[in-house]
Amino acid sequence: MTVPHTGPEETYCDRCGEPAAAGDHAACQAARRMEPPRYCARCRRRMVVQVTPTGWTARCSQHGELAST
């Protein structure tokens, strides 16, 4: 099951885990073009990430799985 992490419920940066509204996350956004997310944007939990030659999956224990497209 793939759960989109977009919308007003996103309160944390999915790369560094810090609050999205606090600080400058330009470096995080640049890095995310090449890397999978590491933290759930909804709850800040560290996600289980698997990278394969064809993409990646990231799973939050509370909010489900994201996958590269």
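Our subject is the structure that appears above.
Quick caveat, the model's predicted, so the values are computed rather than measured.

**A word on the side chain of H25**
Working step 1: Here H25 lies in the segment before helix 1 (26–32).
Working step 2: Of note is the side chain of H25, whose polar atom sits 3.1 Å from the backbone oxygen of P19.
Working step 3: Apart from residues no more than four positions distant in its own chain, H25 is found in contact with C13, C16, E18, P19 and A20.

**Quick look at the sheet that holds strand 1 (residues 48–52)**
Working step 1: A sheet is described by the order of its strands in space; here 3 strands give the open sequence 1-2-3, paired in antiparallel fashion. In this open sheet, the two edge strands, each paired with only one partner strand, are strand 1 and strand 3 (64–67). Neighbour-to-neighbour, the strand axes of this sheet turn through a mean angle of 15°, independent of strand direction.
Working step 2: With 5 bridges joining them, strand 1 and strand 2 (residues 55–60) adopt antiparallel strand pairing. The residue bridging V48 from the neighbouring strand is R59, located in strand 2.

**Things to note about the packing of aromatic side chains**
Working step 1: In total, this model carries 0 aromatic pairs according to the counting rule given.
Working step 2: Against the face of Y39 rests R46, its NZ or CZ located 5.1 Å from the ring centre.

Rules behind the numbers
Residues numbered from 1 in each chain as written. Predicted model: local features only at pLDDT ≥ 70, side-chain atom pairs only at ≥ 80, totals over all residues. Heavy atoms only, no water. Helix = DSSP H or I, 4+ residues; strand = E, 2+ residues; numbered from the N terminus. Polar contact = N/O pair within 3.5 Å; in protein donor to acceptor, adjacent residues only side chain to side chain. Contact = heavy atoms within 4.5 Å. Pairing = 2+ DSSP bridges. Axes fitted to C-alpha atoms, helices over the stretch in contact; angles between N-to-C directions. Phe/Tyr/Trp six-rings, centres within 6.5 Å; stacked < 30°, edge-to-face > 60°. Lys NZ or Arg CZ within 6 Å of the ring centre and 35° of its normal.

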